[in-house]
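Residues per chain are reported as follows:
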Amino acid sequence: MKSFKKTVIALLLVISVLALCACAAGETKQNEEPTPEPAPTVDPTPEPTPEPEDPNAGKVCKVTYVDGDGTTVLLETEIAYGTILTEPDNLVKEGYIIEGFYATPALKYPFEFGSKLTRDTRIFVAWKSGIEDNRPWMLAGSLRGYPENAWGKIWPQDDFLLHKVDGEFNVFDITVNLYEGDAFKIAVIGEGYAWDDTASIDAGHLADKSEGALLKSGENVFDSGANIQVAQDGKYRLILTTDAETLSLCSLSYERLGDADEVAEVVYDMKLWASFNEWAGQDMSRNGDDFIWYCVADVPAEGGEFGVRNAATEDWYSSENNTKNIEIEEGTYLFRIELELSGGKAVLKGDITAETPAYYVVGTCGAGGWGADANAENTDYMLQDNGDGTYSTTLTFTDAETAEWAGGKVAFKVVYGAGGWVPNEYWFGADGENITVDPGTYTITFNPETGIVTVE
């Protein structure tokens, strides 16, 4: 009986434990998070958005090419909207070639091709002559590296001629050393310094007129326009594009290739070398910056012979290609020699002159030639020796000898010269200025010792 009770109790305990486990299991499942359902698969590539319709599709732009006169239509064409515009190749004008395309009828602003066309457009066409230019264009100026150029006065001029550029139409060039302060033009210059003012390239023809340009407008010397002035030393290639018929269509551009060569310095110690100074040499003075030297010397009764020597280089100048002395008779003479540089060497320019000097009154009076009137034919205005070291003459000035720039008066100086030439140091006036007087009769006296001119 007792064992039966124990059995029943054991069964009850087992049932209780199983019930408790079942409850715990149920509570655990109720507290757990539910497993989420898998997300539906989505295609990552979006549907394409349809392109908006182009409002300019099918549109065209009209391009009108107009002659340089601003009115004559040369060509009209239609081009699809947005097309890149390029230069046309079917424009022809007999006897001419295209100089350029411009955005305005004034032909001032170049038209820029290479952009997309989005509106009707007018393009103005400038032409230049199709005639080949065979004129001798020459560099001429005041050039430190080429003093012999002397504004184109040398001849022959081969060293300063511009040469045609191969493969280019009416394009010329020259490579030269230019130095700051040099001034020049390019012109057609013939033998005997025949300067053609209708074919002269000045600062107005410079292609680059910007603030930083190395070639600029300088002081005006010739009526044709302002000189071109160099702002920076350098070796330059000057490029001239010409029109055979229209000067205004000519233009000058340049390239600075590098540094300029050093200027070769020539030393001068010029002396009159003569039998009448026992071949010892008499110093000659230089006339300012000119390549001219001079002196005054007396030749004795027996006459003599002479030449000029540069004592610094031992170069000799005389006659017959510097092989023969110049013979001269008795008298007082103003000796004058002019040189020029050729290939870096000073050579004789023209003949050495020796002429009898005198004192002259020159100015707006007489022939009005100033220094040119210092010549032996101008006896009416020549001062005479008073025998006391002074010279004088009596002149009657007329209304015809007055000048507006002189305030309606006669303007003059006393000079000492010969052959129509006066050295810079031999001009005498009132404190260096011109003497001015009203028309009338005057006695003019000059004292060479003091340099004073008196007018009574």
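For the structure, check the block above.
About the thresholds
- Residues numbered from 1 in each chain as written.
- Predicted model: local features only at pLDDT ≥ 70, side-chain atom pairs only at ≥ 80, totals over all residues.
- Heavy atoms only, no water.
- Helix = DSSP H or I, 4+ residues; strand = E, 2+ residues; numbered from the N terminus.
- Buried < 20%, exposed > 50% of the residue type's maximum accessible area, 1.4 Å probe, protein only.
- Contact = heavy atoms within 4.5 Å.
- Areas by Shrake-Rupley, 256 points an atom, 1.4 Å probe, with all protein chains shown as cover.
- Pairing = 2+ DSSP bridges.
- Phe/Tyr/Trp six-rings, centres within 6.5 Å; stacked < 30°, edge-to-face > 60°.
- Lys NZ or Arg CZ within 6 Å of the ring centre and 35° of its normal.
- Salt bridge = Lys/Arg side-chain N within 4 Å of Asp/Glu carboxyl O.
- Core = buried A, V, L, I, M, F, W, Y, C linked by side-chain atoms within 4.5 Å.
- 1 Å grid on protein atoms, 1.4 Å probe; cavity = no way out; pocket = protein on both sides within 12 Å on 5 of 7 lines; lining within 4 Å.
- Points joined across faces, edges and corners; volume = space filled by probe spheres on them.
- Nonpolar A, V, L, I, M, F, W, Y, C, P; charged D, E, K, R; others polar.

Undergrad: Would you take a moment to explain the overall build of the chain for this structure?
TA: Counting its regular elements, the chain contains 1 helix and 31 strands. Buried positions account for 38% of the 456 residues belonging to the chain. Taking as baseline every contact in the chain between residues at least 6 positions apart, the subset at least 24 positions apart corresponds to 60%. Roughly 26,800 Å² of accessible area belongs to the chain as shown, and the carbon and sulfur atoms make up 49% of that amount.

Undergrad: Mind showing me how you'd approach the sheet that holds strand S13 (residues 251-258) here?
TA: Paired through backbone hydrogen bonds, the strands of a sheet run either parallel or antiparallel to each other. Taken in spatial order, the 4 strands line up as S6-S7-S12-S13 in an open sheet, and their pairing is antiparallel. Pairing within the sheet leaves two strands with one partner each, and these edge strands are strand S6 (163-164) and S13. Across 8 bridges, strand S7 (residues 171-178) lies against strand S12 (residues 234-241) in antiparallel orientation. Bridge pairing links Ile-174 to Leu-238 in S12.

Undergrad: Would you mind going over the sheet that holds strand S31 (residues 452-455) with me for this structure?
TA: In space, the 4 strands of this open sheet follow the order S25-S26-S30-S31, with antiparallel pairing throughout. The sheet is open, and its two edges are formed by strand S25 (384-385) and S31, each paired on a single side. In the sheet, strand S26 (residues 391-397) pairs with strand S30 (residues 440-447) via 7 bridges, with the strands oriented antiparallel. Looking across to S30, one finds that Thr-396 is bridged to Thr-441.

Undergrad: Looking at this model, I keep getting lost on the packing of aromatic side chains. Mind explaining?
TA: Given two aromatic rings, their pairing is described by the distance between the two centres and the angle made by the two planes. Counting across every chain of the model gives 23 aromatic pairs. On the basis of an interplanar angle of 50° and a centroid distance of 5.2 Å, the ring pair of Tyr-359 and Phe-446 is categorised as tilted. Of this pair, Tyr-359 sits in strand S24 (residues 358-363) while Phe-446 is found in strand S30, placing the two residues 87 residues apart along the sequence. Judged by its relative accessible area of 12%, Tyr-359 falls in the buried class. You can call Phe-446 buried: its relative accessible area is 1%. Here Lys-93 stacks its cationic end above the ring of Tyr-96, 5.1 Å away from the centre of that ring. The residue whose ring lies beneath Arg-336 is Trp-421, and the NZ or CZ to ring-centre distance is 4.8 Å.

Undergrad: I'm lost on the pattern of salt bridges in this one. Help?
TA: Between side chains of opposite charge, a pair can form as their charged atoms come close. Overall, the coordinates contain 13 salt bridges when judged by the stated rule. Between Asp-261 and Lys-235 there is a salt bridge, and its shortest N-O distance comes to 3.4 Å. Within this pair, whereas Asp-261 is found in the loop between S13 and strand S14 (270-274), its partner Lys-235 is found in strand S12, the two being separated by 26 residues in sequence. Judged by its relative accessible area of 26%, Lys-235 falls in the partly exposed class. For the salt bridge of Glu-314 with Arg-309, the shortest nitrogen-to-oxygen distance reads 3.4 Å.

Undergrad: How should the nonpolar core be read in this particular structure?
TA: Within soluble globular proteins, side chains that are nonpolar tend to cluster in buried spots. Core analysis: the biggest nonpolar cluster contains 37 residues, and Trp-137, Leu-178, Phe-184, Ile-186, Leu-215, Leu-238 and Leu-252 have the highest contact counts within it. Put simply, the parts of the chain that give this core at least two residues each are strand S5 (137-142), S7, strand S8 (183-190), strand S9 (194-201), strand S11 (225-230), S12 and S13. It is S8 that contributes the most residues to this core, 6 residues altogether. Residues Leu-334, Cys-365, Tyr-416 and Tyr-426 belong to the second largest nonpolar core, which totals 31 residues.

Undergrad: What should I look at first to understand unusual backbone geometry in this one?
TA: Outside of glycine, negative phi angles account for most residues, and trans bonds account for most peptide bonds. Here the phi dihedral of Glu-314 falls at roughly 70°; this positive angle occurs in a residue that is not glycine. Unusually for a residue other than glycine, Trp-370 sits at a positive phi of about 55°.

Undergrad: Which parts of the structure should I look at to understand the layout of surface pockets?
TA: Summary: where empty space remains is shown by rolling a probe the size of a single water molecule over the atoms. Its volume calculated, the largest pocket comes out at about 700 Å³. Pro-147, Ala-150, Asp-289, Asp-290 and Phe-291 are the residues nearest the centre of the largest pocket, which is lined by 25 residues in total. Contributions of two or more residues to the lining of the largest pocket are made by S5 and strand S21 (331-342). Ranked by residues supplied to the lining of the largest pocket, first place goes to S21 with 4 residues. Here the lining of the largest pocket is built from residues that sort into 13 nonpolar, 2 polar and 10 charged. For the second largest pocket, the calculated volume is near 250 Å³. Lining the second largest pocket, in full, are Glu-99, Lys-128, Gly-204, His-205, Leu-206, Ala-207, Lys-209, Thr-241, Ser-248, Leu-249, Cys-250 and Ser-251. The residue inventory of the lining of the second largest pocket, partitioned by class, reads 4 nonpolar, 5 polar and 3 charged.

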